[in-house]
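Letter by letter, the chains look like this.
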Amino acid sequence: MEIHSSLRDLKMVIYIIIHRPTGFCYVGQTSHKLKKRIVQHLRGKKQFVDKIIRIEGRDKFEVGVLDVCTSLAQLREREHHWIVYFNCKCPHGFNMTDGGEDNGKNNGRNKPVICPDTGEKFNSVIDAAEHFNICPSGISSVCHGRKKTVGGLRFAFADSKIDVEEPFLIKSNGKPRRVICIDTGEIFESIVSAAKKLNITRRTIGDVCSGKKGRACGLKFAFADIPIEERKVFSYKNRRRIFCLNSGEVFDSLAAAARKTGINRTSIRNVCIGKIKSTHGLRFAFADAFK
């Protein structure tokens, strides 16, 4: 089942797999490279068409492209169109559904989805993916608990109990919170818009606003609706000082010890926690261990 070299790297396409001896076919969609999707068919065992390919042999099939789309919504619409056009739904072909929304593999993708970090709600995983330009499977994995975040954002099915550890990105009314860049004075409507404008990850900006980090790419941020005196500020007080047993010198942090000695901070930390006895002939320990 060879793919022409000009088609292998195409994305957002409607493709067709034809069984040469019978003329039966399968129509599918993919937002990834076509060659990657075909490999999934060759290695897959769950879909009906995958089983047929295994039984008949890949040499009896050929692959073509029917449409190149510009959005996930168009992919769904065109997939349904071509399945009806070729009448390739079983028993007349290898498709098990009419395509589009009923592609048989939605895995919850048609359920309403909420993004706790922005407060926005979507009719489906697909709609959320289009809005944030994130792969639908990534959002689905977060909703099912297989991943914590995707694209720096958290997602959950709207009908599930959302366990948000720190809902600092949205107001109580569910609307995104405005963000101010303290260094430039620029105000953004949300962390998402700030991230897009400044090309900084949403999570990093959120961590600065919540006081978990000091800066994001050298910039300070805060929520615009919080008075200056009540804004959370990152503190370095919790950093553990490092003591060098050989020289008796005390460093304010792992980073300071690494800069002064020229030793990788991971190696120094491993000595402090007892993973290794020494590094570069030096022994280190956390200074608070001697109190």
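Scroll up to find the structure this text is about.
Please read all numbers here as calculations on a predicted model, not as lab measurements. (Residues numbered from 1 in each chain as written. Predicted model: local features only at pLDDT ≥ 70, side-chain atom pairs only at ≥ 80, totals over all residues. Heavy atoms only, no water.)

### What about the pattern of salt bridges?
In total, this model carries ten salt bridges according to the counting rule given. The partner of Lys60 in a salt bridge is Glu56, and the shortest N-O contact between them spans 3.8 Å. One salt bridge in this structure joins Lys197 and Glu186, with 2.8 Å as the shortest N-O distance. Pair noted here: Lys197 is in helix 6 (residues 191-198) and Glu186 is in the loop between strand 7 (179-181) and strand 8 (187-188), with a separation of eleven residues, a long-range link. On the basis of relative accessibility, which here comes to 54%, the residue Lys197 falls in the exposed class. The exposure class of Glu186 is partly exposed, given its relative accessible area of 29%. Salt bridges sharing common partners tie together Asp67, Glu77 and Arg78. (Salt bridge = Lys/Arg side-chain N within 4 Å of Asp/Glu carboxyl O. Helix = DSSP H or I, 4+ residues; strand = E, 2+ residues; numbered from the N terminus. Buried < 20%, exposed > 50% of the residue type's maximum accessible area, 1.4 Å probe, protein only.)

### Observations concerning the environment of Leu66
Note that Leu66 resides in strand 3 (residues 61-68). Its relative accessible area of 22% is what places Leu66 among the partly exposed residues. Placed 39 residues apart in sequence, Leu66 and Val27 show a C-alpha to C-alpha distance of 8.8 Å. Among all residues touching Leu66, those that are not within four sequence positions of it are Ile14, Tyr15, Ile16, Val27, Trp82 and Phe86. (Contact = heavy atoms within 4.5 Å.)

### Observations concerning the nonpolar core
The biggest cluster of nonpolar side chains holds 28 residues, and the ones touching the most others in it are Val27, Phe132, Ile139 and Phe155. Of all elements in the fold, only strand 1 (13-19), strand 2 (25-30), helix 3 (72-86), strand 4 (113-115), helix 4 (125-132) and helix 5 (136-143) reach the threshold of two or more residues within this core. Residues within four places of Val27 in sequence aside, it is in contact with Ile14, Tyr15, Ile16, Leu66, Glu79, Trp82, Ile83, Phe86, Cys88 and Asn95. The next biggest cluster of nonpolar side chains, apart from the first, holds 16 residues, and it includes Met1, Ile3, Ile38 and Ile52. (Core = buried A, V, L, I, M, F, W, Y, C linked by side-chain atoms within 4.5 Å.)

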